[in-house]
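# Geometric and topological summary
What follows is the residue order along each chain.
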Amino acid sequence: MLNDAFKALSDPTRRRILELLTEGDLTAGEIAGCFDISKPSVSHHLNVLKSSGLVLDERRGQNIVYSLNMTVFQELMKWFFDFSKGGK
C-alpha cells in the first residue's frame, strides 16, 4: 500500500487534489472545477488516489464525495519517522 501511496504522491495534480481535500470533503465536480484539465483526467487522478488508499469515496445521492484517508497518511508518517531513526 505504501508503494502505491508514494507513486500517487509523485504527481503534482494529485498532490493538489490532496491539498484541496484537507479543507474538507469535495465532490468530483468540485475538484474538477479547480483544474484546467478534462473531467476524465481528474477522474483518473481520483482513481489513482483511491487505489492507493489516500482518499475514500462515498456516494451521497447522485454525487460521489471524496475525503482524505488519514489512516494511510499516518502509515506514511510512521514510515518516515522510522526511516529517519534508522539513519542516525
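Conventions adopted
Residues numbered from 1 in each chain as written. Predicted model: local features only at pLDDT ≥ 70, side-chain atom pairs only at ≥ 80, totals over all residues. Heavy atoms only, no water. Pairing = 2+ DSSP bridges. Helix = DSSP H or I, 4+ residues; strand = E, 2+ residues; numbered from the N terminus. Expected span 1.5 Å × (residues − 1). Buried < 20%, exposed > 50% of the residue type's maximum accessible area, 1.4 Å probe, protein only. Arc of directions from axis to C-beta. Contact = heavy atoms within 4.5 Å. Core = buried A, V, L, I, M, F, W, Y, C linked by side-chain atoms within 4.5 Å.

### A word on the pairing of strand β3 (residues 63-68)
As paired elements, strand β1 (residues 26-27) and β3 share 2 bridges and run antiparallel to each other. Pairing of T27 across the sheet is with V65, part of β3. Sheet topology places strand β2 (residues 55-60) next to β3; 6 bridges connect them, and they run antiparallel. Following the sheet pairing, R59 is matched in β3 by I64.

### Examining helix α4 (residues 39-51)
Between its first and last C-alpha, α4 extends 18 Å over 13 residues, near the 18 Å set by a 1.5 Å rise per residue. What α4 keeps buried is the set V42, H45, L46 and L49. Looking straight down α4, one finds that the buried residues subtend no more than 100 degrees of arc, so they occupy a single side. More than 90 degrees from the buried face of α4, the exposed residues found are P40 and S51. Buried residues along α4 sit in contact with α1 (2-9), α2 (12-21), α3 (28-32), β2 and β3. Within two residues after α4, G53 carries a phi angle of roughly 85 degrees, on the positive side.

### Considerations on the nonpolar core
With 19 residues, the main nonpolar core has I17, L21, I31, L49, L54 and V55 as its most contacted residues. Within the residue set of this core, elements represented by two or more residues are α1, α2, α3, α4, β3 and α5 (70-86). A total of 4 residues in this core trace back to one element, the largest contributor, which is α2. Here L21 is in contact with L26, I31, V55, Y66, S67 and L68, once residues within four sequence places are set aside.

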